[in-house]
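For reference, the chains in residue letters:
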Amino acid sequence: MPILGNEAWRSSGLIKAMFAVIAATTSIAGVAQAPEKVVLDRQEATVMLEPYAPNIVRVTLSLRKDDAVAGPGYGIIAHANAGDWKRESGEKGDVLQSSRMVVTVRPSGHWTPTGTSADIAKFFNGSTPGVGISFKTSEGKTLLDMHGWQMSVPNHKDGNADVLYDRRPTDPPFYQVGASFHSPKDEHYYGLGQNQEGYLDRRGHVVQCAHDYNAPSGQSVCVPFVVTNYGYGLLWDNPSRTTVAFGFNDQTRWTSEVGQRVSFFVIAGKTYDEIYEGYRLLTGDTPMLPKSAYGYIQCKQRYTSQAEVLDVAKGYRDRHLPADVMVIDWFYYTKMGQMDMDPVRWPDPESMNKQLHAMNFHSMISVWPRFVPESRFYDKLLKNGWFMHLADGTPTNGLPYDRAGSDIDTTNPDAAAWYWNTVKENFVDKGFDSFWADETEPDLPPNGSFFYVGPGTQYFNVYPLFHTAAFYNGFRRDLKTRALILARDAYLGAQHNGAIFWSSDIAPNWDTLKRQVPTGINFTASGMPYWSTDIGGWQYLPGSHTPEHPPLLDPSDARDNVGHYDDYPELYVRWFQYGTFQPNFRSHGSRLHNEVWSYGKQAEPILEKYLRLRYELMPYIYSLGHRTHETGAPFMRGLFMDFPDDARVVNLGDEYMFGPALLVAPVTDQGATSRSVYLPAGTEWYNFWTNEKLQGGQTVTVAAPIDTIPLFVRAGSILPLGEQVESTNEQQKIAELRVYPGADGEFVLYQDDGTTYDYEKGKADLTHLRWADASGKLTATGTKAWSKPDSEIVKVVGR
C-alpha cells in the first residue's frame, strides 16, 4: 500500500484498495545492459534503482526528481557499479536483474474510487502515488517486498507541524518520509544500533532510532542498519530521527522525521557474513585497533591527579597483573574547552606519559567537544561560526541547567581540522596515545539547531560520524600510530574511524547487567564490531541495597568502596566475567576505587583470574579483530548468525558467540550458582572448564559458582592460547593450541606489529591452521607461529 502521511497509515484498507499494485508474473521483454542509475517515472514520483554490487542495490523515491537521483547520504563511501546488472521492461513492470538479485518495480495502479470509497476520497488522501518493489534472489526466493511509501508535508493532523519551525527559509523543504515492507510472520530483525530495553529480536517492537542520552532504559544510539533471517540487510539512508515498527499488521514500517526522499540499500546475503561484507563495501572497513585496545582498559570517574594515575599503574605492575590502557576522565582542565591540564594536579603530563610508557601502559584522555564562553578558544570559534547554533547564529547551549558551554560543529571541515590540530598540540604532543571523544550525541540535542551540513533536525544522528572522523583523519595524516577513539555514539560508517563504542552511563544493578547482553548483540549486529560496557555500571552506588539472596562474596573488607551495597562485589565480579568476553574490556564507574583489588579479598583472585584469561586468549582475540577488518562481520555474534537453521536461537539474547569457537553465557542473576544454557543444534560442544563433551540441540543446567562463567567451545574449534604477559607491548608466544575434535575446523592466526598501519601494506604474519577430524591431524601453513615441537603446543581435547 502507498504511504501518504500518518492518516494514510490509519486508512490502510482504503489506500490499499485505491492503489493496488500488480505483481509481475509474466515474462518481460526488452533486455538491456543496466546503466549505473535506472530512473523511472511513477505518476508524479521518481523512482531510482542504483546497483552497487551484484547483491547490493540502492532504491530512492521522491516527488522531487533532483532529490531522487542525487547521491547517497553521509556514511556511504562506495560508488555505484552496474556490473552484470541487466534491465528489462514490459507491461508488468521494470526489472533490474543481476546474477544474485531480481528487483521489480511494479507499475502504478490506476483506480477510480466509487461509492463509499469515493466519498472518503473527497476528504482524505495521501501524499504519494503507489509504488511497489519486490526484491528476490536469482533463484526466485523473496527477500523483501516494499508495498508503499510516504513523503508528506508536516501537518497538524499528523501532529508534526512544529518540525517546520526547525527549518530556515533557505533550507530544502521538510517532508516526513517512510516506507513499508511486507513482514512474514517468521521474519526476525536484528541491529538498528543500541536500544537497552532488554530484547534481542526487534520483531513486535517499535524502536526509536535516535541518539538519546535520556532514554529510559539507558542511552539509545541510532545506526539505521538491520539484518534479518530472510537473507538480506536493509540500510536506511536517512540521518533524522527515525521510528521503525517491526512486524505489526504483517508489515515493517520505517518513518523518518525529515527528508526530501526515501533512500535505502538492500544487501542480499546467503550468510550473515556476506551481508556484512556488503555493509563494509558501502560504509568502509573496520581498521585494526592498536593491540592495546584488545587488552584491559583501566578507568574510573575519576582519577584526579597525575600522582593517582601513576600510583594505579604501578599497582598493576607491582602485582604483575596485565593491563594496557590508563584513562584520564574529565575535569582535569581549568575550564571546559580550555584544552589544558590543571598544573596543580597535573604538573607534568609529558613526564607522566613517559613513565606510563616505561611501564608498558598506553594513555587515553577524555576530550569533550564543548567550550564555555570564558575558555580561551570560545571567541575564535564564535567568530568563525564553528559552533552548532540557532537560526540567528547564536551558539546552542544548555542553560539554565547545563552550564558546560556549546558544541563545536565538526561537520564543518575547517572546524574539524582546527579541533584535531588543537587536540594534537595540547595532548598528542604531550604523549597521549588515544582519545575518549565523549558526548558525541552531541550532548546538546541538535533538533532546532543547525550544523554546517544543514538543519540539526534533518541531520540529527550524523554528529558521531563527523566527530570521530576528525580524530581518525588527524591520526592518519599526522601520526604513524593507529587511532583509538572511545565514543558514546555511532552512525553508519563510524566503524571506519578507529572507534570503539560503549553503552554510556548505565546503572550499577542486576537488571542493567542482564539487559546489556542483548543490547551488545544488537549493536554489533548493526555493523559496529567494537562495543563494551562500563564494567560495574557508571552511576553512583545507592546508599543501601538489599540483595534478593545471600551475597556470594563477603563485602565487609570493601565497605569504603561499596558502602552498604552488600551484593555489589558479586555484581562486579559477574560483570567483569562478562566483560572478559566483550570486544573491548574496560572497567569504569563512580566508585571511590575501581581497580581489581578494590572489591574485597574474596573478589580479588576471581577478577585476577579473568584478567589473565583475557590475555591468555589474546592470540585468538587479535586474530578475530583481523577477521573483522577483512570481512566487516562482528566477532561478538548473536547465535542466530552462526546457527540460522536452529529456530530456538532466533530470540535467544542471554548468550552469544565470541568468535567461531566460544559460546558465552553470562550469569546475570544475583545469588545464582548455576544457569540454563542452550547449546545450538548441528554441532557438539565442550565445557571450557571441564572438557565435558555435550550434544547440541539441548538446554543444559550448568554449574556457575561465583568464580565461573559458563563457557562452551564448539566442536571443530582451534583455540590458540598465549603465554602470560602483562601488556600487549610484550612479545607473546603461543603457549598452547587447543583442538576440540568432533568436526573439521580451521582458524587463521594473525600477528602484526600491533601499533602501525603497516598491515595495510601486507606487513603481517598469517598462519592457516586446519584440523582434519577423520585423520586427527592438524596442519599449519604460512608463517610458523611457534618454535617448540608440535607435541608440546598442540593439545587435542579428550585425547
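Scroll up to find the structure.
Residues numbered from 1 in each chain as written. Predicted model: local features only at pLDDT ≥ 70, side-chain atom pairs only at ≥ 80, totals over all residues. Heavy atoms only, no water.

Draft legend 1. Inspection of the sheet that holds strand E6 (residues 93–97) at higher detail. Spatially, 10 strands are ordered E1-E5-E6-E7-E8-E9-E10-E16-E15-E12 in an open sheet, and the strand pairing comes out antiparallel. At either margin of the open sheet sits one strand with a lone partner, and together these are strand E1 (32–33) and strand E12 (206–209). As paired elements, strand E15 (residues 242–248) and strand E16 (residues 251–259) share 5 bridges and run antiparallel to each other. For Thr243, the partnering residue across the bridge sits in E16 and is Thr255. (Pairing = 2+ DSSP bridges. Helix = DSSP H or I, 4+ residues; strand = E, 2+ residues; numbered from the N terminus.)

Draft legend 2. Representation of the pairing of strand E2 (residues 38–42) within the structure. Side chains Val38, Leu40 and Arg42 of E2 all project onto a buried face; the interleaved residues Val39 and Asp41 project onto a face where none is buried. One ladder, built from 5 bridges, connects E2 with strand E3 (residues 45–53); its direction is antiparallel. Across the sheet, Leu40 pairs through a bridge with Val47, a residue of E3. The antiparallel hairpin formed by E2 and E3 contains 2 residues in its connecting segment, where Gln43 sits at a positive phi of about 55°. (Buried < 20%, exposed > 50% of the residue type's maximum accessible area, 1.4 Å probe, protein only.)

Draft legend 3. Structural detail: the sheet that holds strand E23 (residues 434–437). Taken together, 8 strands build an open sheet; the order of strands is E28-E27-E26-E23-E20-E19-E18-E31 and the sheet is parallel. Two strands close off the open sheet at either side, each with one partner strand: strand E28 (531–532) and strand E31 (585–587). Both E23 and strand E26 (residues 485–487) contribute to a ladder of 3 bridges, which runs parallel. By the bridge assignment for E26, Phe435 is matched with Ile485. Packed onto the sheet, helix H10 (residues 463–478) meets E23, E26 and strand E27 (499–502) and runs at close to 170° relative to E23. (Contact = heavy atoms within 4.5 Å. Axes fitted to C-alpha atoms, helices over the stretch in contact; angles between N-to-C directions.)

Draft legend 4. Structural context of the pattern of salt bridges. Inspection of every chain in the model, using the stated rule, returns 36 salt bridges. Note that Asp273 and Arg637 form a salt bridge whose closest N and O atoms lie 3.0 Å from each other. Of this pair, Asp273 sits in helix H5 (residues 272–283) while Arg637 sits in strand E32 (residues 636–637); the two residues are 364 residues apart in sequence, bridging distant segments of the chain. The exposure class assigned to Arg637 is buried, which follows from its relative accessible area of 7%. Taken together, the shared-partner salt bridges connect Asp438, Glu439, Glu441, Arg488 and Asp505 into one network. (Salt bridge = Lys/Arg side-chain N within 4 Å of Asp/Glu carboxyl O.)

Draft legend 5. Representation of the state of the cysteines. According to the stated counting rule, one finds 1 disulfide in the structure shown. With its sulfur 2.1 Å from that of its partner, Cys209 forms a disulfide with Cys222. Taking the sign of the S-S torsion, about 90° here, the bridge from Cys209 to Cys222 comes out right-handed. Of this pair, Cys209 sits in strand E12 while Cys222 sits in the loop between E12 and strand E13 (225–228), and the two are 13 residues apart along the sequence. (Disulfide = S-S within 2.5 Å.)

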